[in-house]
Amino acid sequence: METPLAEIRNLPQLKGRTVRLRGWVWNRRGSGRIRFAQLRDGTGFAQLVAGEEDLDAESFELLKRLSQESLVEAEGTVAENGREALGVELRLSALRQLSGSEDYPITHKEHGTDFLMDRRHLWLRSPRQRAILAIRDRMERSIHAYFHEQGFLRVDAPIFTDNACEGTTTLFSAEYFGSPAYLSQSGQLYMEAAAAAVGKAYCFGPTFRAENSNTRRHLTEFWMVEPEAAFMELPEDMALGEGLIKRIVADVLGECGPELALLGRDLAPLRATAGCASFPRLAYDDAVEVLKKNGAPDFRWGDDFGGPHETIIAQQYSTPVIVHRYPCACKAFYMKKDPEDARLSLSMDILAPEGFGEIVGGGQRETDLETLLEGFAKHGIAPSTLDWYLDLRKYGTFPHAGFGLGLERTLAWVCGLPHVRETVPFPRLPNRLHP
Ligand code: 4AD
Ligand code: MG
């Protein structure tokens with residue numbers, strides 16, 4: 001009977017057994033009587049080792065010539081090796097090359113970011129990129145689990161749209177059978193309709209912003225999770241966002257230890273976040289005072305925060321901080337006015353620590369038809385383009401709130417990555433649409 005095919009991730013449980021592996025050669029060393037190769041099969045990285053006596057002459061010779069990313073089939077015994085990350089290695093009894101690989105461009109020396117980005121389809125094979133993909137996947141599962149446990153229904157929002165949820169300046173146009181259409185900036189308005197149907201709805205999908213900003217926080221295509229709940233007001237909205245972030249971080253800490261270690265992530269800010277009683281809540285007015293005292297003396301009340309402002313505010317805390325009640329002028333047409341101060345909106349942003357900036361934006365929605373129409377006028381929105389949205393205020397208007405959490409910015413913070421481009425398998429940036 002043929003030796004069973006194993007996955008590298010399961011090798012620690014197969015100590016002493018004879019198994020077969022298939023994978024790509026990541027690295028090799030040794031040309032003397034004992035030779036090593038690092039094999040990766042997508043599920044992990046494992047060391048292959050063979051002495052001259054273990055293999056026939058041809059296979060032993062092959063072990064010396066294996067080129068990076070050639071595909072091999074290896075057979076051997078799973079042996080203990082405390083110096084390996086897995087705690088085991090494969091002592092070879094047979095080795096066969098299945099396909100070759102000549103002049104693999106991403107060698108084990110340092111490469112520049114542009115070089116690597118141009119070869120993103122291959123760069124993904126590196127341990128670092130694999131670790132980021134695994135943490136991203138873990139976060140996506142935590143997000144779905146969290147909302148379902150809270151009684152939310154996942155409701156998918158469309159990507160083709162005829163409205164501008166977040167302002168007309170950052171819309172990507174698409175032609176739709178002769179009529180103008182756009183790629184969605186946010187599923188929020190549709191989730192507001194869904195909240196009246198199912199009570200608590202969330203969507204989680206790609207969103208698009210034509211922001212020609214070459215910063216470490218901006219992508220033109222990014223994934224956003226957007227909950228929207230009937231009868232939820234600003235305090236519960238903040239608590240929902242806080243709970244989501246804590247849940248994501250706790251799950252990543254609990255299950256992605258090896259990946260975080262590989263990335264060299266300092267765990268202190270993550271542990272502080274998962275373990276804190278609650279995130280600090282700071283009114284916009286107080287945030288402005290913080291700015292004035294800490295390096296932005298000229299900041300004017302009423303302006304929106306830029307990246308450097310968010311960094312100053314976040315630096316005051318070891319966990320994410322929630323800033324609430326921004327001036328209406330900083331926020332979109334749908335934000336509810338603060339009944340206690342008409343200059344302010346019932347909005348909130350959550351800023352990540354360590355300078356990673358805003359990861360959540362949301363708030364309570366305007367429920368009054370007349371006030372909403374005034375907001376349309378201020379923002380230059382023709383009521384006819386959002387007639388269906390106005391219906392939500394005509395037929396049983398209801399208090400509701402929600403937010404959007406950007407997956408990539410959150411992931412960049414969780415992993416401690418200097419730039420969001422590494423958080424997406426195939427990032428879309430102002431100057432990058434290929435591969
Ligand atoms: O603050 P934003 O623009 O909020 C909305 O779109 C609301 N309609 C969401 C809602 O209430 N349902 O975006 C929300 C989050 C930001 O906090 C940020 O994490 C992320 O989306 N984001 C981006 N991430 C990467 N690149 C960009 N260009 C981003 N723009 C926003
Ligand atoms: Mg925002």
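Residues numbered from 1 in each chain as written. Chains lettered and ligands numbered in written order. Predicted model: local features only at pLDDT ≥ 70, side-chain atom pairs only at ≥ 80, totals over all residues. Heavy atoms only, no water.

### What about the sheet that holds strand β2 (residues 34-40)?
Part 1 of the argument: Reading around the barrel, the 5 strands line up as β1-β2-β3-β5-β4 and close back on themselves, with mixed pairing between neighbours. Each strand axis lies, on average, 55° off the axis of its neighbour in the sheet, ignoring direction.
Part 2 of the argument: Here 5 bridges tie strand β1 (residues 18-29) to β2, and the two strands are oriented antiparallel to one another. In the sheet register, Arg29 faces β2, and the bridge partner there is Phe36. (Pairing = 2+ DSSP bridges. Helix = DSSP H or I, 4+ residues; strand = E, 2+ residues; numbered from the N terminus. Axes fitted to C-alpha atoms, helices over the stretch in contact; angles between N-to-C directions.)

### With respect to the packing of aromatic side chains
Part 1 of the argument: Applying the stated criterion across every chain yields a total of 17 aromatic pairs.
Part 2 of the argument: Consider the rings of Phe147 and Phe152, whose centres lie 5.1 Å apart with planes at 70°: the pair is edge-to-face. Grouping residues by exposure puts Phe147 and Phe152 together as buried.
Part 3 of the argument: Seen in terms of ring centroids, Tyr284 and Phe305 are 5.2 Å apart; in terms of plane orientation they differ by 20°. Their pairing is stacked. Of this pair, Tyr284 sits in helix α9 (residues 284-293) while Phe305 sits in the loop between α9 and α10 (307-314), and the two are 21 residues apart along the sequence. The two residues Tyr284 and Phe305 agree in class, both being buried.
Part 4 of the argument: Taken together, the aromatic side chains of Tyr190, Phe333, Tyr334, Phe376, Trp388 and Tyr389 make up a single cluster linked through ring pairs.
Part 5 of the argument: Taking NZ or CZ as reference, Arg29 lies 4.1 Å from the ring centre of Phe36, over its face. (Phe/Tyr/Trp six-rings, centres within 6.5 Å; stacked < 30°, edge-to-face > 60°. Buried < 20%, exposed > 50% of the residue type's maximum accessible area, 1.4 Å probe, protein only. Lys NZ or Arg CZ within 6 Å of the ring centre and 35° of its normal.)

### A short note on helix α13 (residues 407-415)
Part 1 of the argument: The buried fraction of α13 is high, at 8 of 9 residues.
Part 2 of the argument: Along α13, the residues classified as buried are Leu407, Glu408, Thr410, Leu411, Ala412, Trp413, Val414 and Cys415.
Part 3 of the argument: Downstream of α13 by one or two residues, Gly416 has phi in the positive range, about 70°.

### Quick notes on the site of ligand 1
Part 1 of the argument: Near ligand 1 lie 23 residues; those nearest to it are Glu166, Gln188, Arg209, Glu226 and Glu358.
Part 2 of the argument: Take Glu226: an N or O atom from its side chain is 2.7 Å from a nitrogen atom of ligand 1.
Part 3 of the argument: At 3.0 Å from an oxygen atom of ligand 1 is found a main-chain nitrogen or oxygen belonging to Ile359.
Part 4 of the argument: Within the residue set of the shell around ligand 1, elements represented by two or more residues are β11 (221-230), β17 (357-364) and β18 (400-406).
Part 5 of the argument: With 5 residues, β17 is the single largest residue contributor to the shell around ligand 1.
Part 6 of the argument: Its residues assigned to classes, the shell around ligand 1 shows 8 nonpolar, 7 polar and 8 charged. (Near = heavy atom within 4 Å. Polar contact = N/O pair within 3.5 Å; in protein donor to acceptor, adjacent residues only side chain to side chain. Nonpolar A, V, L, I, M, F, W, Y, C, P; charged D, E, K, R; others polar.)

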